[in-house]
Amino acid sequence: MKIAVISSYAYIVSYVNYGALLQYYALQEYLKKRGHEPYWIRYEIPKTPKQKLKQIAKYILRYHTERRKKNLLSSFQKFAQKYLSLSDQIYYGETSLHVTPPTADCYITGSDQVWAGKLQANFLTFVPQGKPRIAYAVSFGKDSLTPEHTETIRPWVHIFDAISVREQTGVAICETLGWQNVPHVPDPTLLINKEEYPCARIKQHNYIFCYFINLEIGNSIDFNAITTFARHTNKSLYISAASGSERFIPKQNLIDPTPEEWLAYYRDSDYILANTFHGIVFAIIFERPFLCILQNGASARQNCRMLSLLTSLGLQDRILINSNELEQQIKRPINWEVVRSHIKELRERTDMFFNSCNL
């Protein structure tokens, strides 16, 4: 079956976020193993003249930062061209999707935070009548919605044939929208094994790897504690960041890996620290000793994603409680056999969900 998927393509053409890219890769590989032909709808949001001017000004004022981002985004596009099935056409704006809808037998929105906002395209409003609409592991990116947000998306949610959510909190949100007993399923990245990810070869060894996001919104990272840990264990420290956060990271530790290199840094690390959902997911996939640092400030609402993930895998003890005890806590052993059994159960939920959708 030909399946058109819309998720975060509009995001990865403008922002550096490894998880947004790799969640689609994993969903694609999973659907292919089920015998389908998935492809990613290349949907972009047109910039207004004001936004374009702002982008130019930002590039001039922050030349080195913006140049870094441009190079990284280029590596994302190379990854997409090499490993991903993409729509032939790039759709600019909602109207283009309605005028010439992508052709498919079935349409999926998800995963990632596709329902965190009110972008109609992510609610598949452009899909022709009679075609199945499925939401897989969608995330609202928060614990609850405002009344205005709820009423805006309510009619769009009711055009779906099947819905599943990525966080337990999403189940309750769907109930407020009129959907009962919505399945709680894993992020697509957990649906394939570590060997199935295209890792590069890197020369680094004996190091701690970190992946941080939203440092410009709420910075809960204690760099002194992290560098002390690296020094005490005689390990190098490499830190990767999503767009915006690189300005808050010590330059001597900041790295700009391609997606394949980013995966390799996970694979070959001795320890991992992250404050973002997919940053934690890949530590689990590659079975590395890790700690989750919860976000604070305005971005704290996103902690529900990490808490839901760690709870479902019995890994609540991997949340960093006190930075002064970082080394002691991260060295506590993880029973990966138990974690694998939980992941197996989560994958079975996904299989059941797609079986119920006749996919």
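Scroll up to find the structure.
This section reports on the structure supplied with the text.

Rules used throughout
Residues numbered from 1 in each chain as written. Predicted model: local features only at pLDDT ≥ 70, side-chain atom pairs only at ≥ 80, totals over all residues. Heavy atoms only, no water. Helix = DSSP H or I, 4+ residues; strand = E, 2+ residues; numbered from the N terminus. Buried < 20%, exposed > 50% of the residue type's maximum accessible area, 1.4 Å probe, protein only. Contact = heavy atoms within 4.5 Å. Pairing = 2+ DSSP bridges. Right-handed = clockwise from strand over helix to strand, strands pointing away. Phe/Tyr/Trp six-rings, centres within 6.5 Å; stacked < 30°, edge-to-face > 60°. Lys NZ or Arg CZ within 6 Å of the ring centre and 35° of its normal. Lys, Arg positive; Asp, Glu negative; His and termini not counted. Salt bridge = Lys/Arg side-chain N within 4 Å of Asp/Glu carboxyl O. Polar contact = N/O pair within 3.5 Å; in protein donor to acceptor, adjacent residues only side chain to side chain. 1 Å grid on protein atoms, 1.4 Å probe; cavity = no way out; pocket = protein on both sides within 12 Å on 5 of 7 lines; lining within 4 Å. Points joined across faces, edges and corners; volume = space filled by probe spheres on them. Nonpolar A, V, L, I, M, F, W, Y, C, P; charged D, E, K, R; others polar. Axes fitted to C-alpha atoms, helices over the stretch in contact; angles between N-to-C directions.

## Comments concerning the environment of leucine 86
Its place among the elements puts leucine 86 in strand β3 (residues 86-92). Of the residues examined, leucine 86 reaches a relative accessible area of 17% and is grouped as buried. Between the C-alpha atom of leucine 86 and that of alanine 4, which follows or precedes it by 82 residues, the distance is 9.2 Å. The residues contacting leucine 86, other than those within four sequence positions of it, are Tyr39, Trp40, Arg42, Ala80 and Gln81.

## Focus: the pairing of strand β5 (residues 133-138)
With six of six residues buried, β5 is to be regarded as a mostly interior element. Where strand β4 (residues 106-109) lies against β5, three bridges are found, and the strand directions are parallel. When the bridges of β5 are listed, isoleucine 108 appears paired with isoleucine 134. Two elements, β5 and strand β6 (residues 162-165), share three bridges in a ladder whose sense is parallel. Each bridged residue has a counterpart across the sheet, and for isoleucine 134 the counterpart in β6 is alanine 162. A crossover connection joins β5 to the parallel β6 through helix α6 (residues 147-157); in handedness this β-α-β unit is right-handed.

## Concerning the packing of aromatic side chains
Per the counting criterion, the structure on display carries 31 aromatic pairs. Seen from their ring centres, tryptophan 115 and phenylalanine 140 are 5.8 Å apart, and the 55° between their planes marks the pair as tilted. On the criterion of sequence distance, the pair formed by tryptophan 115 in the loop between β4 and β5 and phenylalanine 140 in the loop between β5 and α6 is long-range, its members being 25 residues apart. The class for phenylalanine 140 is buried, based on a relative accessible area of 2%. Taken together, a centroid distance of 5.4 Å and an interplanar angle of 70° make the contact between phenylalanine 353 and phenylalanine 354 edge-to-face. Summarising the burial analysis for this pair, phenylalanine 353 and phenylalanine 354 share the class buried. The side chain of arginine 166 reaches across the aromatic face of phenylalanine 277, ending 4.0 Å from its centre. The lysine or arginine in question, arginine 318, covers the ring of phenylalanine 290, its NZ or CZ lying 5.7 Å from the ring centre.

## Remarks on the side chain of arginine 133
Residue position: arginine 133 is located in strand β5. Within the buried set, arginine 133 has no salt-bridge partner at all; the shortest N-O distance to an opposite charge, 5.4 Å, is to aspartate 161. A distance of 3.1 Å separates a polar side-chain atom of arginine 133 from the backbone oxygen of leucine 124. Beyond its immediate sequence surroundings of up to four residues, arginine 133 is in contact with Tyr107, Leu124, Val127, Pro128, Ile159, Phe160, Asp161 and Ala162.

## A word on empty space enclosed by the protein
All told, the structure shown has one cavity of 30 Å³ or more when counted by the stated rule. Looking at the largest cavity, its volume works out to about 80 Å³. Forming the walls of the largest cavity are Arg166, His184, Val185, Pro186, Asp187, Leu190, Phe277, Ser308, Leu309, Ser312 and Leu346. A per-element tally of the lining of the largest cavity places helix α11 (residues 303-312) first, with three residues. Looking at the lining of the largest cavity residue by residue, the class counts come to six nonpolar, three polar and two charged.

## As for the sheet that holds strand β10 (residues 290-292)
If you trace the four strands from one edge of the open sheet to the other, you get β8-β7-β9-β10, paired in parallel fashion. Where the open sheet ends on each side, the last strands, each with one partner, are β8 (236-241) and β10. Each neighbouring strand pair of the sheet contributes to a mean axis angle of 15°, computed without reference to strand direction. In the sheet, strand β7 (residues 207-212) pairs with β8 via six bridges, with the strands oriented parallel. Opposite tyrosine 207, over in β8, you have serine 236 as the bridge partner.

## Details of the environment of valine 157
Mapped onto the secondary structure, valine 157 falls in helix α6. Considered as a pair, valine 157 and arginine 133 are 24 residues apart in the sequence and their alpha carbons are 10.0 Å apart.

## What to know about α11
Burial analysis of α11 places seven of its 10 residues in the buried class, the great majority of the element. Turning to α11, its buried residues are Asn303, Cys304, Arg305, Met306, Ser308, Leu309 and Leu310. Looking at the buried residues of α11, the elements they touch are α7 (168-176), α10 (277-285) and β10.

## Topic: unusual backbone geometry
Residues glycine 110 and serine 111 are joined by a peptide bond in cis, for which omega reads 0°. With respect to the secondary-structure elements, serine 111 resides in the loop between β4 and β5. Phi at leucine 124 is positive, roughly 55°, even though this residue is not glycine. Tracing the backbone shows leucine 124 in the loop between β4 and β5. Located in the positive-phi region is asparagine 206, a residue other than glycine, with phi close to 60°.

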